[in-house]
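Geometric and topological summary
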Amino acid sequence: MALGKYQRVDGRKSSSYCSTGVVIAFVALCFVGVWMMTSPSVVPERNEISQDGKVDVGEIATETKSRQFEDSQGDLPEDAMKGDNNNSDQQDEGNSEVQDNQKASQQTTEDNQGGKSEKDDGDKGAGSDETSNAQTDKGTGSDETSNAQTESNGGGEKAEETESNTDSGETQTETGGHAEPVENPIETKKEEKVEEKVDENQEQQSENSSDNKKDSSVSSQGANEVFPDVAQAEILNETTTQNGSFSTQRAESKNEKEKHQSTESKEEDSTGYSWKVCNVTAGPDYIPCLDNVQALKKLRSTRHYEHRERHCPEEAPTCLVALPEGYKRPIEWPVSRDKIWYHNVPHTKLAAVKGHQNWVKVTGEYLTFPGGGTQFKYGASHYIEFLQDGVPDIAWGKQSRVILDVGCGVASFGGYLFDKDVLTMSLAPKDEHEAQVQFALERGIPAISAVMGTKRLPFPGNVFDAIHCARCRVPWHIEGGQLLLELNRMLRPGGYFLWSATPVYQKLPEDVEIWNAMTELTKKMCWELVTIKEDKVDLVGAAIYRKPLTNECYESRQENDPPLCKESDDPNAAWNVSLQACMHKIPVDETARGSHWPEQWPLRLERPPYWLTSTQVGVYGKAAPEDFTSDYKHWKHVVTKSYLTGMGISWSKVRNVMDMRSIYGGFAAALKDLNVWVMNVVTIDSPDTLPIIYERGLFGMYHDWCESFSTYPRSYDLLHADHLFSKLKKRCNLVAVMAEVDRILRPEGKLIIRDNVEIINEIEKIAKSLHWEIRLTYSKDAEGLLCVQKTMWRPKEIETIASATA
């Protein structure tokens, strides 16, 4: 039998044997097919991101495919960069035919894979929902995009989510919880955006805190944007502040006026905020403390311009100011100095009244500014040179750095002094010269709405290097020279008063009378008449006076007229303090502020003032000179390492900046090399360091943020608040403060807040209710950083403000 079988195999190769061979081959092929279908190289697994931010590497084929997407991202069509869920759908669609043919074989391997397919399906479904939420949030400008990303990271979404971002189109690789952006050529022309969510204090977070499980999550729009790591971000606990050797503006002023009544804070509904548009007579130009119609009606007299002074409503408004119809993003500096959009400040009265003096003209859709003024209709540049020719010691930009321009008009004088490296505080009242200060701010020139009436201006004594008045219509000589004596209070010893007015060069009876009165008054004040200079081009004249450097003249006067102020009268007390018709003595002590002229600009910016001594205690507890230097180094580091590169802020579009709580002016000093100017605000209950800010060649003013600021709506491109809101919460309604922030911030303007986490969370909620974009949030050790951007959103409902309605 054995031999016979052997002979059949070798000899005949029967048909039954062939059939058996075919079956065996078919079975082998089936096994090969099953093996191929279950192999990861056919259906690649995604890399998974663990909650600590580290990437678990999957199969080599998957990693290779992922890198191919990264290398060619800039050449991919838009649809290929809409997020990992879309990518996975495309891969599934491309393999759908294979998957259909292998469906039966896949079912046989489900037991080996455990519950993997169910998990994948669940992740895919969650990812689809999150993508939808992110797209919706992008449309509304809210921060839910960042929350959705945090949820996905906490829920174990796949690593391909870092390859393509729905909002930004930017590739990111996460290592150790930090995101490193990869340049995307498609986005190089887009405005930079950064959103960072960090939560190390989950109990202090908002209702979404349970979803924010990662240390950090960064989403970026913009190819060149880099957010620094935690160490560089300088999100540090604020060093405990104290008054040190400095008094506060409140304390300085309390002996000169009735105690300031602060507004009591109100409890707000934590579930949300309801906003309405202010229905007021002033419309889009509403300034609450200057447009209080009810208070103005109660005034007994307007003789001293009381109706142009601040009269704040009892309760700060919580409504939002409307936008002018047709409002556009402001033109950028320096082009804005010469023209602005007409619809942003749609007022033409000055163009009609002052057009022949080249103040402002209507040119199509623009308002143009030829650079003229009442006293310099042929241009401010020539006029500025004319003044320096009269007194070369003025030395614009070196000896004279910080100037006050009273009755500034549209502020062309200050606008062109920027060419000389001079910083000018321009002021004018909100009066019949329609929107003059608003024109200045829209142009990118510093200005505030103020009037010399019955109260001191909100500046310290002995701080301005020069004061200018070009036909400003201020009656300096009346009532004992009270208004000119206010200039004397603010003018630095040895500083110049530049008076360009008709009494200097005209011989009309009224002009002669005023000139004689001014001549007598300035002699009694011991001001030296340095020169009277005539301009052959503009056909005007200027009288230039100088304040004395010593008390010798005061002591030699036969009559005490104007009288010297009492020793108890503080020249720095300036918040709601009534004017006094008296003169303060010149400081003579070698260590006293005002006894020496500051160093020339820019040296004065970086060096501690000579009158800060080591025996004085600074705001942060160190010796005052060391405190000053440390503060300057701190802000240079913060601005350089974080603000300039890590916020996604396009600084070329920033011009008007405000530091809402300035100490030594370190933030402003750190921005010196940028094309911006900074209004430093020293709050009335903070150490009075404003004289230090002026000494270093910067400027600012006193203010109480429980009231509105004396500026027009849409004035500033960027506001900075360092540990301000936590202090305001004790006595102010934070919703009203945020309404004021919204009022003075331009659409697309940014607000940067550094404060404790509780305040950061509260302000973030309010910002979301305002439909602002949350660009960045960061928290560490109970300290936080928040950057938000105002949008064009306005609510539909209105609220009538009775105090501001005629």
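Refer to the structure presented above.
Structure report, in brief. (Residues numbered from 1 in each chain as written. Predicted model: local features only at pLDDT ≥ 70, side-chain atom pairs only at ≥ 80, totals over all residues. Heavy atoms only, no water.)

It is worth spelling out the overall build of the protein at this point. Counting secondary structure elements, the protein contains 27 helices and 25 strands. Classification of the 806 residues of the protein by burial places 54% in the buried group. Across the protein, the fraction of contacts at a sequence separation of at least 24, relative to all contacts at a separation of at least 6, is 72%. By element, 49% of the accessible surface of the protein is carried by carbon and sulfur atoms, the whole surface being about 35900 Å². (Helix = DSSP H or I, 4+ residues; strand = E, 2+ residues; numbered from the N terminus. Buried < 20%, exposed > 50% of the residue type's maximum accessible area, 1.4 Å probe, protein only. Contact = heavy atoms within 4.5 Å. Areas by Shrake-Rupley, 256 points an atom, 1.4 Å probe, with all protein chains shown as cover.)

Tallied over the full model, the rule gives 29 salt bridges. The salt bridge partner of Arg 746 is Glu 442, with a shortest N-O separation of 4.0 Å. Of this pair, Arg 746 sits in strand β22 (residues 745-756) while Glu 442 sits in helix α16 (residues 436-443), and the two are 304 residues apart along the sequence. Exposure remark for Arg 746: the relative accessible area of 4% places this residue in the buried category. The closest approach of N and O atoms between Asp 465 and Arg 604, which form a salt bridge, is 3.1 Å. Here the residue Asp 465 occupies a position in strand β14 (residues 464-470), and Arg 604 occupies one in helix α21 (residues 603-606), the gap between them amounting to 139 residues. Pair check on accessibility: Asp 465 and Arg 604 agree, each one buried. (Salt bridge = Lys/Arg side-chain N within 4 Å of Asp/Glu carboxyl O.)

Next up on the list: the sheet that holds strand β19 (residues 677-683). Strand order in the open sheet formed by seven strands is β20-β19-β18-β21-β22-β24-β23, and the pairing between neighbours is mixed. The sheet is open, and its two borders are formed by β20 (700-703) and β23 (773-780), each paired with just one other strand. Going from strand to strand, the sheet's axes swing by 15° on average, the running direction of each strand aside. Pairing of β22 with strand β24 (residues 783-789), which is carried by seven bridges, proceeds in the antiparallel orientation. Looking at the pairing, Asp 755 lines up with Gly 784 of β24. Contacts from helix α26 (residues 734-744) reach β18 (656-659), β21 (716-722) and β22 within the one sheet, and its direction differs from that of β22 by about 140°. (Pairing = 2+ DSSP bridges. Axes fitted to C-alpha atoms, helices over the stretch in contact; angles between N-to-C directions.)

Quick look at the state of the cysteines now. What the rule picks out here adds up to six disulfides. Disulfide pairing is shown between Cys 278 and Cys 319; the S-S distance is 2.0 Å. Judged by the sign of its S-S torsion, about 105°, the cystine formed by Cys 278 and Cys 319 is right-handed. Note that Cys 278 is positioned in strand β7 (residues 277-279) and Cys 319 in the loop between α12 (293-297) and β8 (339-341), a separation of 41 residues in sequence. The pair Cys 278 / Cys 319 is uniform in exposure class, with both members buried. (Disulfide = S-S within 2.5 Å.)

Spacing of three or four residues puts side chains on the same side of an α-helix, whose turn is 3.6 residues. Here α26 lies mainly inside the structure; 11 of its 11 residues are buried. Those residues of α26 lying buried are Leu 734, Val 735, Ala 736, Val 737, Met 738, Ala 739, Glu 740, Val 741, Asp 742, Arg 743 and Ile 744. Packed against the buried residues of α26 are β18, β21, α25 (725-728), β22 and α27 (757-769). Its side-chain oxygen 3.0 Å from the backbone nitrogen of Val 735, Asn 733 forms the N-cap of α26. (Polar contact = N/O pair within 3.5 Å; in protein donor to acceptor, adjacent residues only side chain to side chain.)

As a further point, take the environment of Tyr 620. Within the fold, Tyr 620 resides in the loop between α21 and α22 (624-646). Placed 43 residues apart in sequence, Tyr 620 and Ile 663 show a C-alpha to C-alpha distance of 10.0 Å.

Another aspect to go through is the sheet that holds strand β17 (residues 540-546). The seven strands are arranged β13-β12-β11-β14-β15-β17-β16 in an open sheet whose pairing can be described as mixed. Both outer strands of the open sheet, β13 (447-449) and β16 (528-535), are each paired with one neighbouring strand and no more. Averaged over all pairs of adjacent strands, the angle between their axes in this sheet comes to 20°, without regard to strand direction. For β16 and β17, the ladder comprises seven bridges, and the chain directions are antiparallel. Across the sheet, the residue bridging to Lys 533 is Ala 542, located in β17. Packing against the sheet, helix α14 (residues 380-390) makes contact with β14, β15 (491-500), β16 and β17, and its axis sits at approximately 135° to β16. Across the sheet, helix α17 (residues 482-490) lies against β11 (402-406), β14 and β15, angled at about 135° from β15, the strand it touches most.

A few words on α16. Most of α16 sits inside the fold, with eight of its eight residues counted as buried. The set of residues buried in α16 consists of Gln 436, Val 437, Gln 438, Phe 439, Ala 440, Leu 441, Glu 442 and Arg 443. Phi turns positive one or two residues past the end of α16, at Gly 444, with a value near 95°.

We now examine unusual backbone geometry. Of the consecutive residues Trp 333 and Pro 334, the connecting peptide bond is found in the cis state with omega at 10°. Tracing the sequence through the fold places Pro 334 in the loop between α12 and β8. Here the amide bond leading from Trp 601 into Pro 602 is cis, since omega sits at 5°, within 30 degrees of zero. In this structure, Pro 602 sits in the loop between α20 (552-556) and α21. Non-glycine residue Ala 411 carries a positive phi angle of around 70°. The residue Ala 411 is located in the loop between β11 and α15 (412-417) in this model. At Arg 714, a position not held by glycine, the phi torsion is positive, near 60°. Here Arg 714 lies in the loop between β20 and β21. Exposure remark for Arg 714: the relative accessible area of 4% places this residue in the buried category.

The subject of this paragraph is the side chain of Arg 401. Tracing the backbone through its elements, the reader meets Arg 401 in the loop between α14 and β11. Only 2.8 Å separates the side chain of Arg 401 from the backbone oxygen of Asp 421, close enough to count as a polar contact. With residues up to four places along the chain from it excluded, the contact list for Arg 401 reads Asp 421, Val 422, Leu 423, Asp 465, Trp 601, Arg 604 and Gly 697.

With that out of the way, let us pick up the pairing of β19. The buried fraction of β19 amounts to seven of the seven residues, a majority that puts the element mostly inside the structure. With burial as the criterion, each face of β19 is covered, one bearing Trp 677, Met 679, Val 681 and Thr 683 and the other bearing Val 678, Asn 680 and Val 682. Summarising the sheet, β18 and β19 pair through four bridges and their orientation is parallel. The partner of Met 658 across the bridge, within β19, is Met 679. The pairing of β19 with β20 spans four bridges and is parallel. Across the sheet, Val 682 pairs through a bridge with Tyr 702, a residue of β20. Viewed along the sheet, the connection from β19 through helix α24 (residues 690-695) into β20 turns out right-handed. (Right-handed = clockwise from strand over helix to strand, strands pointing away.)

Before going further, it helps to examine the packing of aromatic side chains. On inspection of all chains with the given rule, the structure shows 20 aromatic pairs. When the centroid spacing of 5.9 Å and the interplanar angle of 80° are considered together, the rings of Trp 476 and Phe 497 count as edge-to-face. A residue pair is termed long-range when its members are at least 10 positions apart, and Trp 476 in the loop between β14 and α17 and Phe 497 in strand β15 qualify at 21 residues. Centroid distance Trp 677 to Phe 699: 6.2 Å. Interplanar angle 90°. Geometry classified as edge-to-face. Residue Trp 677 is located in strand β19, and its partner Phe 699 is located in the loop between α24 and β20; the two are separated by 22 residues in the primary sequence. Three or more aromatic residues joined by ring pairs make a cluster, and in this case those are Phe 376, Tyr 383, Phe 386, Trp 396 and Phe 413. Its end group placed over the ring of Phe 418, Arg 655 keeps NZ or CZ at 4.6 Å from the ring centre. (Phe/Tyr/Trp six-rings, centres within 6.5 Å; stacked < 30°, edge-to-face > 60°. Lys NZ or Arg CZ within 6 Å of the ring centre and 35° of its normal.)

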